[in-house]
Amino acid sequence: MQDNIRDEFSIFELDKKFIYFDSASGTLKPKIVVDEINWFYNLAPINIHSMNNKKGVEIFKKIEETRKLAGELVGAYPEEVIFTSGTTDSLNKAANMISKAIQKDDEIILSYYNHISNILPWEVVAKKNGAKIIYSKNIIDDINSKTKIIAFSQMNNTIEQHINMERLLKFVKKHNVILVNDAAQAIVHSEVLISEADVIAYSGNKIYGPTGTGVLIIKKELLHLLKPSTYGGSQISVMEEGEWTYKDSNKKFEPGTINTAGLVGFGKALKWFDENVENNKDKIKIVKNYFYEKISELKDFKIISRKADSNVVFSHKKINSQDIVSYLGHKDIYLRSGEHCAKMLKKIIDTRSSIRASFGIYNTKEEVDKVIYELKNGDSFLSF
């Protein structure tokens, strides 16, 4: 990793006051990613399906390199990788494609810790098919012969649920359950493996890549049994009136024109991540732990998360979280307030509205000190 990784991000050069602790929502983008997107729009702005020319071949190679890298990150084959617009799109596609295997009275286990994007698609499928949703505090305890799907987050975006994956996999294998891992957060902070799930979803936006990019990775044994949930050009090999044959590859799940600019940028982001972040995750933890310690020293602030969690979630005993985050935001300090899309977490943990600080490779202890200074000296909001 470079000595000053912040030099890789134009925002810090263009806006000297900018302090960003909201990477769980979306990481900042290094120059190399932005440059690659600009390359596409400036020098190769043609459709990915236009292959009878040099630029078309070059773009195709870049996209397939992105597919290879996206799969390698979780130990998957390129043919198991489907491009989407992000984790939400991936989870919706997965739920729709798998829904045909869900029968009346089957059970779908959802963790209370899940992001709403890993709840609502399964709720819709359950209502449509007459299946039952089981909300779970401890997933392993609720697995039985009726369980067909377990949808969980290996690491969620607020308070983390620590799951014994080895034990979970034993139960999943015993009951022939399809395991769906929302890895949007985990992909940045920990090891994610397709060998430990049947389905993995993650976003480019969370891994220093462009918005509007994501992957749905499905083990080939399962993928071979599924049919697309969206339809259009480039996924059909043969068609007659009322009959058609899908291509026998993952391309049948990518109809239409994919987000070419985003995906060439995503490829650069994956390489950049491997070179700069993958082996330096401890540097992020150091800043996160420093933030945790400093917040714990402040009067009237309560930390909700655990020190081992990847984010620091906290609140004030007297002042609304949104007011505090708005105050900081007008000081060019970016955090997040609210429920953080973990809509069911309130059933088991009294989080109400909280403040979340989340971290990237670019954050520093000096930035933490500036946040703490404003919280200590923010007379304008402490007088509310």
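Counting starts from 1 at the beginning of each chain's written sequence and moves along it residue by residue. Only residues with pLDDT of at least 70 are given local features in this predicted model, and only at 80 or more are side-chain atom pairs given and counted; all residues enter the totals for whole chains, interfaces and linings. Excluded from the side-chain calculations are hydrogens and water; all other atoms, namely the structure's heavy atoms, are used.

**Student:** An account of the overall build of the chain is needed here, citing residue identities and associated values.
**Tutor:** Along the chain, the regular secondary structure elements total 13 helices and 15 strands. Each radius of gyration reported is based on C-alpha atoms, and the globular scaling rule is 2.2 Å times the count of residues to the power 0.38. Relative to the globule expectation of 21 Å for 384 residues, the C-alpha radius of gyration of the chain, 22 Å, shows essentially globular dimensions. Dimensions of the chain, computed from C-alpha atoms along their principal axes, come out at roughly 70 × 55 × 35 Å. Taken as a whole, the chain presents about 18300 Å² of accessible surface, with 48% of it coming from carbon and sulfur. Charged residues are defined narrowly, with Lys and Arg counted positive, Asp and Glu counted negative, and His plus the chain ends left uncounted. Every charge is mapped onto a representative atom, which is NZ of Lys, CZ of Arg, CG of Asp or CD of Glu. Here the chain holds 54 positive side-chain charges and 50 negative ones, and the gap between their average locations is 3 Å. Runs of H or I in DSSP of at least four residues are treated as helices and runs of E of at least two as strands, each being numbered from the N terminus. Surface exposure here means Shrake-Rupley accessible area, sampled with a 1.4 Å probe, where a residue is shielded only by the protein chains that are shown.

**Student:** Can you lay out helix α5 (residues 120-129) for me, pointing to particular residues and giving the numbers?
**Tutor:** For an α-helix the count is 3.6 residues per turn, leaving residues at separations of three or four pointing the same way. For α5, the set of buried residues is Pro121, Trp122, Glu123, Val125, Ala126 and Asn129. Buried residues belonging to α5 abut α4 (87-98), β3 (107-111), β4 (132-136), β5 (147-153) and β6 (178-182). Of the residues one or two after α5, glycine 130 is the one with positive phi, at around 75 degrees. When a residue's accessible area, from a 1.4 Å probe over protein chains only, is under 20% of the maximum for its type it is buried; when over 50% it is exposed; and in between it is partly exposed. The criterion used for residue contact is that any of the two residues' heavy atoms lie within 4.5 Å.

**Student:** Talk me through empty space enclosed by the protein; I want residue IDs and the actual numbers.
**Tutor:** Definitions used for this entry: grid spacing 1 Å over protein atoms alone; cavity, a set of points where a 1.4 Å probe fits but cannot get out; pocket, an open set with protein on both sides within 12 Å along at least 5 of 7 lines; lining residue, one with an atom within 4 Å of a point. Grid points are joined across faces, edges and corners, and a volume is the space filled by probe spheres set on the points. Counting across every chain of the model gives two cavities of 30 Å³ or more. Ser23, Ala24, Thr27, Ala184, Gln185, Val188, His189, Lys206, Asn311, Ser358 and Phe359 together form the lining of the second largest cavity. Here the lining of the second largest cavity is built from residues that sort into four nonpolar, six polar and one charged. Ten residue types, Ala, Val, Leu, Ile, Met, Phe, Trp, Tyr, Cys and Pro, are classed as nonpolar, four, Asp, Glu, Lys and Arg, as charged, and the remainder, Gly among them, as polar.

**Student:** Residue-level account of the environment of phenylalanine 253, with values.
**Tutor:** Note that phenylalanine 253 resides in the loop between β10 (243-246) and α9 (260-276). Of the residues examined, phenylalanine 253 reaches a relative accessible area of 4% and is grouped as buried. Between the C-alpha atoms of phenylalanine 253 and glutamate 241, which are 12 residues apart in sequence, the distance is 21 Å.

**Student:** Which residues make up the packing of helix α2 (residues 31-43) against α9, and what are the values?
**Tutor:** Fitted lines through C-alpha atoms give the axes, limited to the stretch in contact for helices. The angle between two N-to-C directions lies from 0 to 180 degrees. Here α2 crosses α9 at 150 degrees, and the two axes come no closer than 8 Å. Compared by their axis directions, α2 and α9 come out roughly antiparallel. Of the two elements, α2 crosses α9, and the hand of that crossing is right-handed. Where α2 abuts α9, its residues Ile32, Val33, Glu36, Ile37, Phe40 and Tyr41 lie against Thr260, Ala261, Val264, Gly265, Lys268, Ala269 and Trp272. Tallied by class, residues from the contact of α2 with α9 come to nine nonpolar, two polar and two charged. Working definition: roughly parallel below 35 degrees, roughly antiparallel above 145 degrees, roughly perpendicular at 65 to 115 degrees, and oblique for all remaining angles. Handedness of each helix crossing follows the sense of rotation of the near helix against the far helix: counterclockwise by less than a right angle gives left-handed, clockwise gives right-handed.

**Student:** Mind laying out the packing of helix α11 (residues 321-329) against helix α12 (residues 365-377), listing which residues take part and the relevant values?
**Tutor:** It is at 11 Å that the axes of α11 and α12 come closest, and there the two elements cross at 120 degrees. Overall, the two elements α11 and α12 adopt an arrangement that is oblique. The element α11 and its partner α12 pack so that their crossing is right-handed. Touching Ile324, Tyr327 and Leu328 of α11 are Glu374, Leu375 and Asn377, all from α12. When grouped by side-chain class, the residues that make up the contact of α11 with α12 number four nonpolar, one polar and one charged.

**Student:** How would you summarise the packing of aromatic side chains if you had to cite specific residues and measurements?
**Tutor:** Each Phe, Tyr or Trp ring, with Trp reduced to its six-membered ring, pairs with another whose centre is within 6.5 Å; inter-plane angles below 30 degrees give stacked pairs, above 60 give edge-to-face pairs, and intermediate values give tilted ones. By the definition in use, this model includes 20 aromatic pairs. Here the aromatic rings of phenylalanine 9 and tyrosine 362 are separated by 5.0 Å at their centres, their planes lie at 85 degrees, and the arrangement is edge-to-face. In this pair, phenylalanine 9 is assigned in the segment before α1 (10-14) and tyrosine 362 in the loop between β15 (354-357) and α12, connecting sequence segments 353 residues apart. Consider the rings of phenylalanine 40 and tyrosine 41, whose centres lie 5.2 Å apart with planes at 70 degrees: the pair is edge-to-face. Judged by its relative accessible area of 52%, tyrosine 41 is exposed.

**Student:** Tell me what's going on with unusual backbone geometry, and back it up with residues and numbers.
**Tutor:** We note that tyrosine 208 has phi near 70 degrees; this positive angle belongs to a residue other than glycine. Mapping tyrosine 208 onto the fold places it in the loop between β7 (199-203) and β8 (214-218). Classification of tyrosine 208 as buried rests on a relative accessible area of 0%. For aspartate 300, which is not glycine, the phi torsion reads 70 degrees and is therefore positive. As for its position among the elements, aspartate 300 is in the loop between α10 (281-296) and β11 (301-303).

**Student:** Outline the sheet that holds β11, supporting the account with residue identities and numerical values.
**Tutor:** One requirement defines pairing of two strands: DSSP has to find at least two bridges between them. An order of β11-β12-β15-β14 is seen for the four strands of this open sheet, with the pairing classed as antiparallel. The open sheet terminates on both sides in strands that have one partner only, identified here as β11 and β14 (336-338). The sheet shows a mean angle of 30 degrees between the axes of neighbouring strands, taken without regard to direction. Sheet topology note: the β11/strand β12 (residues 312-316) ladder contains three bridges and is antiparallel.

**Student:** Pulling in residues and values, what's your account of the pattern of salt bridges?
**Tutor:** Throughout this description, the term salt bridge denotes a Lys or Arg side-chain nitrogen within 4 Å of a carboxyl oxygen of Asp or Glu. Under the defined criterion, the tally for this structure stands at 15 salt bridges. As a salt-bridge pair, aspartate 105 and lysine 104 come within 3.7 Å of each other at their nearest N and O atoms. Judged by relative accessible area, lysine 104 falls into the exposed class, the value being 60%. Note that glutamate 293 and lysine 307 form a salt bridge whose closest N and O atoms lie 2.9 Å from each other. Separated by 14 residues along the polypeptide, glutamate 293 in helix α10 and lysine 307 in the loop between β11 and β12 bring together distant segments of the chain. Via salt bridges that share partners, Glu64, Arg67, Lys251 and Glu254 belong to a single interconnected network.

**Student:** Go over the environment of glutamine 322 with me, naming the residues and quoting the values.
**Tutor:** Within the fold, glutamine 322 resides in helix α11. In sequence terms glutamine 322 and arginine 336 are 14 residues apart; their C-alpha atoms lie 8.1 Å from each other.

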